[in-house]
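Next come the chains, spelled out residue by residue.
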Amino acid sequence: MRKLRLILEAGRWAPTAHNMQNYEIIVIDDKKLLKAIGSIKVQPSEEFIRENYQQLSSSKRELLRKKVGILGTAFPPKWRDPKTLDEVVREAKPEPLRETIQGSPTIMIVLYDTRKRAPASKGDVLGMMSLGCLMENMWLMATSLGISFHVMSVFSSIDVERELKRTLEIPDYMKIAFAIRLGYSKSTSTKFLRVRRDVEDFTHYNRFS
Ligand SMILES: Cc1cc2nc3c(=O)[nH]c(=O)nc-3n(C[C@H](O)[C@H](O)[C@H](O)COP(=O)(O)O)c2cc1C
């Protein structure tokens, strides 16, 4: 409980555009509620399946070379083969959220108010960036406390949002930005391959080209 408070406190001090603090956070630690959320089904969209494929590397070697994206081996083989993507799209069926949240005693759902935006910010880009600052502040605190912080973007999908609005009595004008699964990793030995572009790849001096 003390650690959760520290994570929320770190989020509280995140910078936001115009200091709007444009978020609400629902902490869910009630077992029955977590079970109910776990039974919500989500249909992978064609958009997700195809754009997800664009980010996959088929081996560690390829990922190390590309330095962007994620390792495709975390996905079923059909999801990683361009020849079988059409089949995946056709056969995709709703899967329960259980798989995504299981093992976690606490999840947090971050909401924002669609009726407001950062002043003159088209599409509230500045508001969205502020939510990213909130995410990062909480993430850094959780990591420093040895708590795993798993972002779950799927919570903002239409299907999940609709169900959660009903279950958690969230007003219509609020939107789910993302959710986080907190917990302690079972294994500390698992090493994930982490890649990044080199600083020289994305830094431009004095002009773009
Ligand atoms: C806005 C945002 C959304 C993300 N959504 C997810 C997600 O839905 N599922 C997930 O497993 N990781 C998610 N992540 C984590 C990224 O996949 C992760 O940061 C990236 O793959 C790099 O991994 P690394 O930082 O461990 O090297 C998200 C991160 C951000 C910033």
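So, here's what we can say about the structure.

Calculation notes
Starting from 1, residues in each chain are numbered consecutively following that chain's sequence as written. At least 70 in pLDDT is required for a residue's local features to be given in this predicted model, at least 80 for side-chain atom pairs to be given and counted, and no such filter applies to totals for whole chains, interfaces and linings, which use all residues. Only hydrogens and water are set aside when side-chain values are computed; all heavy atoms of the structure are taken into account. When a carboxyl oxygen of Asp or Glu is within 4 Å of a side-chain nitrogen of Lys or Arg, the pair counts as a salt bridge. The helix and strand labels rest on DSSP assignments: H or I over at least four residues marks a helix, E over at least two residues marks a strand, and numbering proceeds from the N terminus. Each residue's exposure class comes from its accessible area (1.4 Å probe, protein chains only) as a fraction of the maximum for that residue type: buried when under 20%, exposed when over 50%, partly exposed otherwise. Pairing between strands is defined by DSSP: at least two bridges between them are needed. Interaxial angles span 0 to 180 degrees and are taken between N-to-C directions of axes, which are lines fitted to C-alpha atoms, for helices over the stretch in contact. Definition of nearness: a residue and a molecule or strand are near each other if at least one heavy atom of the residue lies within 4 Å of the molecule or strand. A 3.5 Å cut-off defines polar contacts: any pair of N or O atoms within that distance qualifies, except that in protein one atom must be a possible hydrogen donor and the other a possible acceptor, and neighbouring residues in sequence count only when both atoms are side-chain atoms. Each residue receives one of three labels: charged for Asp, Glu, Lys and Arg, nonpolar for Ala, Val, Leu, Ile, Met, Phe, Trp, Tyr, Cys and Pro, and polar for the others, Gly being one of them.

### A closer look at the pattern of salt bridges
Evaluated as defined, the whole model comprises 14 salt bridges. For lysine 78, the salt bridge identified is with glutamate 91, shortest N-O distance 3.8 Å. Linking lysine 78 in the loop between strand S4 (70–71) and helix H5 (85–91) with glutamate 91 in helix H5, this pair joins segments that are 13 residues apart in sequence. For lysine 78, a relative accessible area of 37% translates into the label partly exposed. As a salt-bridge pair, lysine 175 and glutamate 161 come within 3.2 Å of each other at their nearest N and O atoms. Of the two residues, lysine 175 sits in strand S8 (residues 174–183) while glutamate 161 sits in helix H8 (residues 158–167), which places them 14 residues apart along the sequence. Overall, the relative accessible area of 9% leaves glutamate 161 in the buried class. Through salt bridges that share partners, Arg5, Glu9 and Arg12 make up one connected network.

### So, the sheet that holds strand S7 (residues 148–152)
Read across the open sheet, the four strands follow the order S1-S6-S8-S7; overall the sheet is antiparallel. The open sheet terminates on both sides in strands that have one partner only, identified here as strand S1 (24–28) and S7. Adjacent strand axes in the sheet meet at a mean angle of 25° when their direction is disregarded. Where strand S6 (residues 106–113) lies against S8, eight bridges are found, and the strand directions are antiparallel. Its bridge partner lying in S8, methionine 108 is registered against isoleucine 180.

### Re the site of the ligand
Looking at the ligand, the residues that line it are Ile70, Met135, Trp139, His150, Val151, Met152, Ser153, Arg194 and Arg196. One nitrogen or oxygen atom from the side chain of histidine 150 is found 2.9 Å from an oxygen atom belonging to the ligand. Contact distances for the ligand include 2.8 Å between an oxygen atom and a side-chain N or O atom of arginine 196. If you list the elements that add at least two residues to the shell around the ligand, you get helix H7 (125–144) and S7. Examining the composition of the shell around the ligand, we find that three residues originate from one element, S7, more than from any other. Looking at the shell around the ligand residue by residue, the classes come out as five nonpolar, two polar and two charged.

These results come straight from atomic positions and should not be treated as a statement about function.
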